[in-house]
Structures are given as structure tokens and as C-alpha cells.
Amino acid sequence: MKALILGIDGYIGWALALRLVAKGHEVAGIDNLSTRRFSAEVGSDSAFPLPSPKERVEAVKRKLGADIKFIVGDAKDKALLEETIRDFKPDVIVHFAEQRSAPYSMKDYEHAWYTLENNLKSTLSLLYAVSEIDPSIHILKMGTMGEYGTPNFDIPESAFVKAIIQGKEDTIPTPKWGGSYYHWSKIFDTFLILFKGKLSNLTVTDIMQGPVYGTRTEEITDEELRTRFDFDETWGTVINRYCVEAVLGLPLTPYGKGKQTRGFISLEDSVEALRLLIENPPKDGEYRVVNQFAEVYNVRQLAEIVKNAAEELGLKTDITHVKNPRVEAEEHYYNPEVKVLPSLGFKPKRNIRDETKVMIKDLLPYKERLESFKHVIMPKTVWK
Ligand code: USQ
């Protein structure tokens, strides 16, 4: 198949590109390199030094014998999307080209608006470009489990639910509640996709993925093919942050009570699930929702897992609950439905206990580099 990845330079985008070429698919990608710039904006960088786009493409050629077309450009640019779609003729377009940090979106008005404008515009440009050029192209869109919030009901894996409102039953969009402007941008994306998808008979998979962790996939086995790895308070996600904290001898930082519960998935399992969804598209004109995660834990339990992994590797580690900078439920019900991926034969291969040891071992050689970013680890971005 031919896959066009919007956001190919990112943590998952790059890992997915490698998985797809390794499985014999043809890959092209667009990226405006904004995560590199925004990470520098907050005084941080990837834990592993990142090769340039040109170096990345050359490494893939050398190591995997494949050609990736890497276009430095903006997925909001509808003309660029149209030109690339006409030229490359993809079977599937993967849309990861969005600002993906909740704390970044909560810094101030400018960051909130950037996130909303950037994310909604890239989504709408893609929806229009596909419907005008070839509505049969499968759109694989990265949403987030955070679109649902933490409701007191079982989270369905469905765009619509039956509800009784003031005594009358109807089918309504699945209730959503974002915990940051970033999460709201993905909720608004979902509604744009549902609406335009219906008008133009688009074929879409909307992935509700939980936080991803890990340094490796089957293809990422050496320095040259590494994907970025963020750990600072703005760009790092919880497990990745804990592993860096352990390497630096800093206390692990569950926020508040630490009972915030999420569904987590390793980078390896994430790209494998994405490959399955690409190779098994929904029916023409269908909007398919996929809840994508492998293990459910709260952030205190995760700190204990990372502490044990670190101690097995000889690193003395403490856990210190810090004042929660976010406005979020610190204790709540959490039971999302997961049926699409198992129906495609997906079985997670990695687990947090084993993978955190791999991650710490991968990060230890970079301890000196990480030391220089110690000041960007503790949470500073307060939800207000
Ligand atoms: N948390 C801690 N300690 C930390 C960092 C985070 O307790 O040092 C807590 C947060 O308060 C939150 C939970 O861990 O309750 C998850 O936070 P996170 O930073 O790992 O993830 P989040 O901001 O929710 O966003 C990440 C990705 C986003 C993706 C989302 C999936 O950045 O792109 O959509 O995970 S989900 O969380 O299911 O919405």
C-alpha cells in the first residue's frame, strides 16, 4: 500500500514510517518540524539527539533498503496536500500533524489558540483535499482517549450512543469532555470528521489512543533510526518522564493523589496496531472509532513500577507526589470498551514492567545530556 503520513517527524509518525516500509509498504510524509521548534521553545530537546530529515531518509535507505519521501511543509496548507495526494496517490493518509501536548496548549491564550487553529485547520484541509481529489482514500486520524474525559459510565468504542433525554430516546454523539485545549481540539476534530465524512462519504478510522511510552520498536534498534523521546514537563508523557527522572536520580512525580487512571500502550504495540488498521480499512464511507491502549494503571501505580525497574538496575529512586498543576479528576471510574483491535487479531506484545527496564537502559548512556535539561522537568504549566 501507499501511505502518506502527515507528522512523519514525530514520536509515533517516524516509528510508524519505519514499520510500514519494513512491511513492504511505500511511504511519503509531510512535517513542518514544529515539535523540534516547540521543544526548543520550552528549553528542552529529545533525549536522543535527532538526525535531520535528510539524515533520517538516508539512514532508512542504508538500514532498511527503502526510500521515504520526506516533505518539509505544513499539513494546514491545502494546496500542498492536494499536490502531494495527486503526485503520490496514497491509499491511506495518516493524520498525526497536530500539536499534541496538553500542557503546551494550556500555557496561555496564544498557545491555546495556536493549538485549536493548527489542529482544526490541518484536519479540515485534509478532509477537503481528500473529498475533492479522491474520497475513497482511507483517512487514519489520531484522536485521543482523553476526548472522553473520565466519565462515570463505561466508555463505548463508538461515535454514537443511544440516550434517553427528558424521557425520549435518540442516538446522539458519544459524550465527550476534554481536560485541556489540546484535548478539546481533538474533540472538535472528531465533529468535523463526522460532519464532512457524512457529506462526502469519507472512509475514516479515528483512533482514541492513550498515552504512549517506550524507546524502541522492532525497527528502532540503533542510534540512526531512533525516534524522538520527550521528557520535559510540557512534551513528556508520564511513563517516559518517570524513566528519565529515575535515570537522573530525581524523585518520580505523580501529580496530586495519583489515582488518575489511563490506558497505556507501548510504542511497538502502537505502531503494530496502526499497521493492522491501515491494512484492514473500514468499509467505504464508514467512520470507525478505535479505542487503542493495552494496559490500564493509575499514575501512582506506574511510579511504583518504574521505581522497581530502576532499583533492579541499581538506581535508587523515590516517589514524591507533587501538587497537581492540572485541573482533572484525581480519583475516578475508568472502563473503556476495546473490541476493534482484538477483532483484527491484535495482541499487545510489550508490557510496562518489562519495557520500563528497556527504556531506562536505553536512557542511561544519555545521562550527561539529560542532566543539562534537569530544570525543565518539574511541572510549571498550571491549568487556569
Ligand atoms: N502525570 C503525572 N505526573 C507526571 C506527568 C503526568 O501524574 O509527571 C499525570 C497527568 O496529570 C495525567 C496523566 O499523568 O493525569 C497523563 O498525563 P500525560 O502527560 O502522560 O498525558 P496527557 O497530557 O494526557 O497527553 C498524552 C499525550 C497526548 C495524548 C494523551 C492520551 O501528550 O498527545 O492524546 O496522552 S490521553 O491521556 O488518554 O488523553
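Going by what an unreviewed UniProt entry lists, the protein is known as UDP-sulfoquinovose synthase and is assigned to Metallosphaera sedula. Turning to the protein, the UniProt record has this under Sequence similarities (unreviewed entry): "Belongs to the NAD(P)-dependent epimerase/dehydratase family."

**Some thoughts on the overall build of the protein**
Each helix and strand counted, the protein has 13 helices and 12 strands in total. For a compact globule of 384 residues, the expected C-alpha radius of gyration is about 21 Å, and the protein comes in at 20 Å, within 12% of that figure. The principal-axis extent of the C-alpha atoms belonging to the protein is close to 60 × 55 × 45 Å. By the burial criterion, 58% of the 384 residues in the protein qualify as buried. Expressed as a percentage of contacts within the protein between residues at least 6 apart in sequence, the contacts between residues at least 24 apart total 82%. In the structure as shown, the protein presents an accessible area of about 15900 Å², 54% of it carried by carbon and sulfur atoms. Here the protein carries 52 positive and 56 negative side-chain charges, and the mean point of each set is 1 Å from the other.

**Side note on the UniProt feature "domain: NAD-dependent epimerase/dehydratase" (unreviewed entry) in the protein**
In the UniProt entry, the feature "domain: NAD-dependent epimerase/dehydratase" (unreviewed entry) is given for residues 3–291. End C-alpha to end C-alpha, residues 3–291 measures 22 Å, and it is 40% helix and 19% strand.

**Some details on the pairing of strand E11 (residues 287–292)**
In regular strands, side chains alternate between the two faces of the sheet. Among the six residues in E11, six count as buried, and that is most of the element. Summarising the sheet, strand E8 (residues 203–209) and E11 pair through six bridges and their orientation is parallel. From the neighbouring strand, glutamine 209 faces E11, where its bridge partner is glutamine 292.

**Re the pattern of salt bridges**
Tallied over the full model, the rule gives 40 salt bridges. Salt-bridge contacts for glutamate 331 lead to lysine 257; the nearest nitrogen and oxygen are separated by 3.3 Å. Of the two residues, glutamate 331 is situated in the loop between helix H10 (299–312) and helix H11 (340–343) and lysine 257 in the loop between helix H8 (238–247) and strand E10 (261–266); the sequence distance between them amounts to 74 residues. Glutamate 328 is the salt-bridge partner of arginine 262, the closest N and O atoms lying 3.3 Å from each other. Here the residue arginine 262 occupies a position in strand E10, and glutamate 328 occupies one in the loop between H10 and H11, the gap between them amounting to 66 residues. Judged by relative accessible area, arginine 262 falls into the partly exposed class, the value being 23%. Salt bridges sharing common partners tie together Arg19, Glu218, Glu219, Glu268, Glu272, Arg275, Glu279 and Lys349.

**Describing the sheet that holds strand E9 (residues 212–213)**
With mixed pairing, three strands are arranged side by side in an open sheet as E9-E10-E12. The open sheet has two edge strands, E9 and strand E12 (295–298), and neither has a second partner. Strand direction decides the pairing type here: E9 and E10, joined by two bridges, are parallel. Bridge pairing in E10 links tyrosine 213 to serine 266. Contacts from H10 reach E10 and E12 within the one sheet, and its direction differs from that of E12 by about 100°.

Criteria and cut-off values
- Residues numbered from 1 in each chain as written.
- Predicted model: local features only at pLDDT ≥ 70, side-chain atom pairs only at ≥ 80, totals over all residues.
- Heavy atoms only, no water.
- UniProt positions renumbered as here; feature names shortened; annotations may be inferred.
- Helix = DSSP H or I, 4+ residues; strand = E, 2+ residues; numbered from the N terminus.
- Rg over C-alpha atoms; globule rule 2.2 N^0.38 Å.
- Buried < 20%, exposed > 50% of the residue type's maximum accessible area, 1.4 Å probe, protein only.
- Contact = heavy atoms within 4.5 Å.
- Areas by Shrake-Rupley, 256 points an atom, 1.4 Å probe, with all protein chains shown as cover.
- Lys, Arg positive; Asp, Glu negative; His and termini not counted.
- Charge placed at Lys NZ, Arg CZ, Asp CG, Glu CD.
- Pairing = 2+ DSSP bridges.
- Salt bridge = Lys/Arg side-chain N within 4 Å of Asp/Glu carboxyl O.
- Axes fitted to C-alpha atoms, helices over the stretch in contact; angles between N-to-C directions.

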